[in-house]
Amino acid sequence: MEEEKIEEEKKGKGKEKKQMVVVLVGAPGSGKSTFCDRVTMASSRRPWVRICQDIINNGKSGTKAQCLKSATIALKDGKSIFIDRCNLDKEQRAEFVKLGDTVNGTDVHAVVLDLPAQLCISRSVKRTSHEGNLSGGKAAAVVNRMLQKKELPTLSEGFFRITFCKNEKDVQDAITVYSSLGPSDVLSSGSFGQKSPAAKVQVGIMKFLKKVDGPVNPKPASSVSESSLIDQTPQATAGEKVHDSPPSSSSPREANDMEISVTEPVGKYEGVHAAVESVHTLAFPSLSTSDFQFDVKKASEIIVETVLEYADKLGNARLVLVDVSNNSRILSMVKAEAARRHISSDRFFTFAGDITRLFSEGGLHCNVIANATNWRLKPGGGGVNAAIFNAAGPELEDATKQRASSLSPGKAIVVPLSSSSPLYSREGVAHVIHVLGPNMNPQRPNNLKDDYNEGCRVLRQAYSSLFDCFLSIASTSQPCLHLENNKKPRLEHPKSQEHSVEKRGNQFSHEETIQTESRGKTWASWAQALYNMAMRPEQHKNVILETCGDDVIVVNDLYPKGKRHVLVVARLRGLDGLADVSREHLDLLKLMHEVGMRWAEKFLQEDASLIFRLGYHSVPSMRQLHLHVISQDFDSLHLMHKKHWNSFTTAFFRDSVDVIKEVDNNGKATVRDDESLLSMELRCHRCRSAHPNMPRLKSHIRNCQAAFPSSLLSDGRLVQAPTTVG
């Protein structure tokens with residue numbers, strides 16, 4: 001789909017708010033819910049409501065009539081809406097098209113997620129927590145049946161605009177367009193992205209499963225050449241983690257061949273450049289096949305399958321499977337399977353060598369390496385875990401302790417390395433990703449007792465978690481080292497701040513990408529995003545909501561912890577956090593509070609049910625002083641850990657009004673940097689009831705209507721609409 005640029009997409013701005021009804025069309029597993037979530041989280045200017053039949057009845061499956069009723073209410077309340085149903089035939093869509101008459105001037109759009117049948121089935125079969133409980137073996141038959149009866153929408157049905165998405169790039173383009181819309185923005189009318197209107201139905205996946213002889217639709221009109229798939233694949237945007245979204249391909253499939261062709265087969269490493277600047281590369285070992293005694297053949301198949309799922313998401317990044325020996329069985333099996341699947345060696349290859357000396361001994365620069373860790377995240381034992389902890393020095397153990405004390409099988413965690421680590425200075429490794437696979441060894445903890453159904457599930461999850469972590473690094477930073485073959489990596493620090501703020505093309509300066517020391521604290525590259533935006537707002541216009549002269553900027557929190565969560569960021573150099581504040585900054589603090597209040601009041605005009613709190617973290621995870629303006633519903637997919645919750649609901653969070661008063665009276669703010677505050681038991685921020693885990697807590701706070709503690713109800717610590725009773 002050759003989508004117009006966003007600026008060209010907006011047909012015009014009306015004087016009044018322009019609502020939209022967006023009818024999503026797609027089979028189970030096509031990514032409809034993910035599309036809604038990503039637009040809703042990225043959009044702060046237009047209020048969206050997702051209408052989903054799977055949860056419309058108090059969290060349970062409901063009826064089409066309930067969807068229509070909720071949609072009508074949302075439209076009359078001034079919201080734009082997504083209709084999250086399959087809507088695969090004209091009859092199912094007809095009543096939702098009529099919603100455009102509910103509010104005069106409402107445009108009705110269709111976004112068609114017309115992704116390959118194999119991809120939709122793969123997603124549906126693998127998922128374990130679908131809202132409609134469609135997963136496992138029954139999903140394949142359901143998706144196949146629905147796709148065979150699919151009827152693509154046309155403008156004659158009454159749609160103002162139809163957008164067809166044939167692959168992940170198309171989906172990302174559509175998300176970008178809808179996320180950027182302001183309250184009065186209007187998109188141009190027409191049908192976009194449909195290569196051939198006659199292409200009605202994809203080949204049913206059951207024909208593939210039954211291996212019918214001969215090709216079926218070998219050259220559909222909508223197919224894309226295999227060589228073009230790589231160029232059309234979007235890279236993840238900053239901070240983005242794509243959930244439940246394996247890559248798609250529009251290349252034709254033959255009935256007796258379910259392989260996914262990318263380009264060239266995996267070859268020997270000699271054919272790949274050893275050190276490539278500005279290319280993110282993850283080196284990872286085979287998980288669980290050594291001490292955990294996982295079957296090597298099963299493991300090799302899972303590695304290749306998972307690499308295939310992520311191949312189109314990599315952009316210019318690379319994955320490298322590493323083992324110490326050229327005679328490694330896992331390397332040879334993976335190499336053979338990858339060659340059979342035609343995976344491009346530009347994206348994935350195997351390498352024999354010491355994972356802690358890939359550059360110094362093999363000339364291969366990998367800025368990220370994976371560690372097959374233990375559940376305690378501790379050094380010791382043998383194999384890769386011991387080797388990486390030893391090579392990285394005590395810096396890795398210290399950095400790991402700051403992030404977690406244990407890890408569950410199937411999970412992964414990113415740990416940035418400080419510049420003092422030998423792995424960083426000698427090999428150019430900026431991040432280590434700890435990942436834990438399943439255990440089949442009865443002599444080790446969490447033994448699965450030869451349950452390979454569960455073992456395979458956990459191993460797939462482990463590799464998916466690993467690759468998701470890597471993509472998050474690749475999307476939020478640039479490789480920071482200049483490497484030369486047969487030489488050690490050399491760091492290029494800026495000679496002065498004036499020189500360090502330059503930007504060359506799309507590459508950020510070294511100040512942004514190299515871990516930086518400021519006032520005795522080392523800031524990793526990912527933690528400097530706010531600092532970079534504050535120092536150079538002109539280079540980040542697409543993400544900055546407001547610039548207040550030379551004093552502050554306002555941005556959305558990249559991982560919001562509530563329905564509305566923005567950051568008011570100071571632009572003054574030398575203010576990394578609350579500990580740097582003194583009396584001379586009092587006027588700046590008051591201005592930040594004033595700007596934060598203005599944004600809270602703006603959000604309250606859009607949704608009077610919200611309640612806001614303005615404050616600072618005692619010890620911020622991101623460099624540059626910033627004020628949180630966060631709604632107290634805490635309704636967010638990104639609120640996942642105890643540390644997240646306690647950082648906003650304990651004394652660790654300092655209310656803006658208190659900070660201003662303390663600086664005015666004492667010349668500094670009280671910083672409550674006791675780490676125990678972040679590990680306190682989970683308690684509701686309203687009724688203070690205790691809960692054993694985050695899912696239970698989040699379930700409780702969705703329904704808790706208790707008054708807020710008296711300490712928050714005084715001195716303007718809570719901001720709410722005049723008619724709202726706390």
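To keep things clear, this report deals only with the structure shown in the data block. (Residues numbered from 1 in each chain as written. Predicted model: local features only at pLDDT ≥ 70, side-chain atom pairs only at ≥ 80, totals over all residues. Heavy atoms only, no water.)

**What to know about the pairing of strand 10 (residues 318-323)**
Here is the rule: Exposure categories follow from relative accessible area, calculated using a 1.4 Å probe and restricted to protein chains: below 20% of the type maximum is buried, above 50% is exposed, and the middle band is partly exposed. In DSSP terms, a helix is any run of H or I states spanning at least four residues, a strand is any run of E spanning at least two, and both are numbered starting from the N terminus. Two strands are said to pair when DSSP picks up at least two bridges between them. Here the term right-handed applies to a crossover when the path leading from its first strand over the helix to its second strand runs clockwise, the strands being oriented away from the viewer.
Summarising burial for strand 10: five of the six residues are buried, a large majority. Where strand 9 (residues 281-284) lies against strand 10, four bridges are found, and the strand directions are parallel. Across the sheet, Phe284 pairs through a bridge with Leu321, a residue of strand 10. Viewed along the sheet, the connection from strand 9 through helix 10 (residues 296-311) into strand 10 turns out right-handed. Two strands pair when backbone bridges link them, and strand 10 and strand 11 (residues 348-352) are joined in this way by five bridges, in the parallel orientation.

**Topic: the pattern of salt bridges**
The condition is simple: Throughout this description, the term salt bridge denotes a Lys or Arg side-chain nitrogen within 4 Å of a carboxyl oxygen of Asp or Glu.
One pass over the full model with this rule turns up 29 salt bridges. Residues Asp312 and Arg347 are paired through a salt bridge, measuring 3.1 Å at the closest nitrogen-oxygen approach. Separated by 35 residues along the polypeptide, Asp312 in the loop between helix 10 and strand 10 and Arg347 in the loop between helix 11 (329-340) and strand 11 bring together distant segments of the chain. Accessibility assignment for this pair places Asp312 and Arg347 in one class, buried. Close ionic contact of Arg426 with Glu427 constitutes a salt bridge, the shortest N to O distance being 2.6 Å. No difference in accessibility class separates Arg426 from Glu427, as the two residues are buried.

**Considerations on the packing of aromatic side chains**
Here the distance between the centres and the angle between the planes together describe a pair of aromatic rings. Spelled out, the test is: Two rings from Phe, Tyr or Trp (for Trp, the six-membered ring) form a pair when their centres are within 6.5 Å of each other. A pair whose planes differ by under 30 degrees is stacked, one over 60 is edge-to-face, and the rest are tilted. Sitting over a ring, as applied to charges here, requires NZ of Lys or CZ of Arg to be within 6 Å of the ring centre and within 35 degrees of the ring normal.
What the rule picks out here adds up to 14 aromatic pairs. Each ring, one from Trp48 and one from Phe82, has its centre 4.3 Å from the other, and the planes form 15°; the classification is stacked. Here Trp48 is found in strand 3 (residues 48-52), whereas its partner Phe82 is found in strand 4 (residues 80-84), with 34 residues between them in sequence. Overall, the relative accessible area of 9% leaves Trp48 in the buried class. According to the relative accessible area criterion, Phe82 is buried, its value standing at 0%. Here the aromatic rings of Phe634 and Trp645 are separated by 4.9 Å at their centres, their planes lie at 65°, and the arrangement is edge-to-face. Residue Phe634 is located in the loop between strand 21 (626-631) and helix 21 (642-649), and its partner Trp645 is located in helix 21; the two are separated by eleven residues in the primary sequence. Pair check on accessibility: Phe634 and Trp645 agree, each one buried. Clustering of aromatic rings is evident, with ring pairs tying together Phe284, Tyr310, Phe348, Tyr463 and Phe467. The cationic tip of Lys313 hangs over the ring face of Tyr310; the distance from NZ or CZ to the ring centre is 4.6 Å. Stacked on the ring of Tyr531, the Lys or Arg Arg623 has its end atom at 3.8 Å from the ring centre.

**Quick word on the environment of Phe389**
Quick reminder of the rule: Note on definitions: a residue-residue contact is assigned when non-hydrogen atoms from the two residues lie within 4.5 Å.
For Phe389, the position within the fold is in helix 13 (residues 383-392). Take Phe389: its relative accessible area is 5%, and that puts it in the buried class. Sequence spacing of Phe389 and Leu423 is 34 residues, and the spatial spacing of their C-alpha atoms is 9.6 Å. Setting aside residues no more than four positions away along its own chain, Phe389 makes contact with Asn371, Leu377, Lys378, Pro379, Leu396, Glu397, Thr400 and His434.

**A look at unusual backbone geometry**
Positive phi outside glycine occurs at Phe634, with the angle close to 50°. Exposure remark for Phe634: the relative accessible area of 2% places this residue in the buried category. Not every positive phi belongs to a glycine, and Arg688 is a case in point at roughly 70°.

**A short note on the sheet that holds strand 4**
What links the strands of a sheet is backbone hydrogen bonding, and the strands pair in either a parallel or an antiparallel sense. Note the following rule: Fitted lines through C-alpha atoms serve as axes, helices being fitted only where they are in contact, and the angles separating the N-to-C directions of these axes extend from 0 to 180 degrees.
Taken in spatial order, the six strands line up as 3-4-2-5-6-8 in an open sheet, and their pairing is parallel. Looking along the sheet, the strands with just one partner apiece sit at the ends: strand 3 and strand 8 (190-192). Taken over all neighbouring pairs, the strand axes of this sheet differ in orientation by 15° on average, direction set aside. Judged from the three bridges that link them, strand 6 (residues 161-165) and strand 8 form a sheet pairing that is parallel. Paired with Ile162 across the bridge in strand 8 is Ser191.

**Things to note about helix 3 (residues 64-76)**
Here is the rule: A helix is expected to span 1.5 Å multiplied by its residue count minus one. Note that the arc is computed from the directions linking the helix axis to the C-beta atoms.
Between its first and last C-alpha, helix 3 extends 19 Å over 13 residues, near the 18 Å set by a 1.5 Å rise per residue. For helix 3, the full list of buried residues reads Lys64, Cys67, Leu68, Ala71, Ala74 and Leu75. Looking straight down helix 3, one finds its buried side chains confined to an arc of 130°; they lie on one side. Looking at helix 3, the residues exposed on the side facing more than 90 degrees away from the buried face are Ala65, Lys69, Ile73 and Lys76.

**Concerning helix 11**
To keep things clear, this is the line we draw: What qualifies as a polar contact is a pair of N or O atoms within 3.5 Å, subject to a donor-acceptor requirement within protein and to the restriction that residues adjacent in sequence count only when both atoms come from side chains.
For helix 11, with twelve residues, the first-to-last C-alpha span of 17 Å sits near the 16 Å given by 1.5 Å per residue. What helix 11 keeps buried is the set Ile330, Leu331, Val334, Glu337 and Ala338. Seen along its axis, helix 11 keeps its buried residues to an arc of 140°; they face one direction. Those residues of helix 11 that are buried lie in contact with helix 10, strand 10 and strand 11. Where helix 11 begins, one side-chain oxygen reaches toward the backbone nitrogen of Ile330, 3.4 Å away; that side chain belongs to Ser328. His342 occupies a position one or two residues after helix 11 and carries a positive phi of about 60°.

**Remarks on the packing of helix 2 (residues 32-42) against helix 7 (residues 168-179)**
We count it as follows: By definition, turning the near helix anticlockwise from the far helix through less than a right angle yields a left-handed crossing, and turning it clockwise yields a right-handed one. Charged residues are taken to be Asp, Glu, Lys and Arg, nonpolar residues to be Ala, Val, Leu, Ile, Met, Phe, Trp, Tyr, Cys and Pro, and polar residues to be all remaining types, Gly included.
Where helix 2 contacts helix 7, the two axes come as close as 9 Å, and the packing angle between them is 35°. The interaxial crossing formed by helix 2 with helix 7 has right-handed handedness. Between helix 2, through Phe35, Arg38, Val39 and Ala42, and helix 7, the contact on the second element is made entirely by Val171, Gln172, Ala174, Ile175, Tyr178 and Ser179. Partitioned by chemical class, the residues of the contact of helix 2 with helix 7 number seven nonpolar, two polar and one charged.

**Things to note about the environment of Met535**
With respect to the helices and strands, the residue Met535 is situated in helix 19 (residues 529-535). Discounting chain neighbours no more than four positions away, the residues touching Met535 are Arg571, Leu572, Arg573 and Gln624.

**Overview of the nonpolar core**
Keep this limit in mind: In this description, a nonpolar core means a group of buried Ala, Val, Leu, Ile, Met, Phe, Trp, Tyr and Cys residues linked to one another through side-chain atoms lying within 4.5 Å.
Of all hydrophobic cores here, the largest spans 38 residues; its most connected members are Leu282, Phe284 and Phe348. Sorting the residues of this core by element identifies strand 9, helix 10, strand 10, helix 11, strand 12 (368-372), strand 14 (431-435) and helix 16 (452-476) as the ones contributing at least two each. Here this core gets eleven residues from one element, more than from any other, and that element is helix 16. The residues contacting Phe284, other than those within four sequence positions of it, are Ile303, Leu319, Val320, Leu321, Val322, Phe348, Ile355, Ala370, Tyr463, Leu466 and Phe467. The next biggest cluster of nonpolar side chains, apart from the first, holds 30 residues, and it includes Cys548, Leu604, Phe612 and Leu614.

**Here we look at the side chain of Arg161**
The topology assignment puts Arg161 in strand 6. A relative accessible area of 1% places Arg161 in the buried class. At 3.5 Å, the side chain of Arg161 and the side chain of Thr163 are in polar contact.

**A look at the state of the cysteines**
Note the cut-off: Count a disulfide wherever a pair of cysteine sulfur atoms falls within 2.5 Å.
Applying the stated criterion across every chain yields a total of zero disulfides. Sulfur of Cys86: no disulfide; nearest cysteine sulfur belongs to Cys52 and is 9.5 Å away.

**Thoughts on the sheet that holds strand 14**
In spatial order, the strands read 11-10-9-12-14-13; together these six strands make up an open sheet with mixed pairing. Single-partner strands in this sheet number two, and they are strand 11 and strand 13 (412-416). The average angle at which neighbouring strand axes cross in this sheet is 25°, direction not considered. Where strand 9 meets strand 12, two bridges bridge the pair, whose relative direction is parallel. Its bridge partner lying in strand 12, Ala283 is registered against Ile369. Where helix 13 meets the sheet, its contacts fall on strand 12 and strand 14, and the angle it forms with strand 12 comes to roughly 130°.

Everything listed here is a matter of geometry and, on its own, says nothing about what the molecule does.
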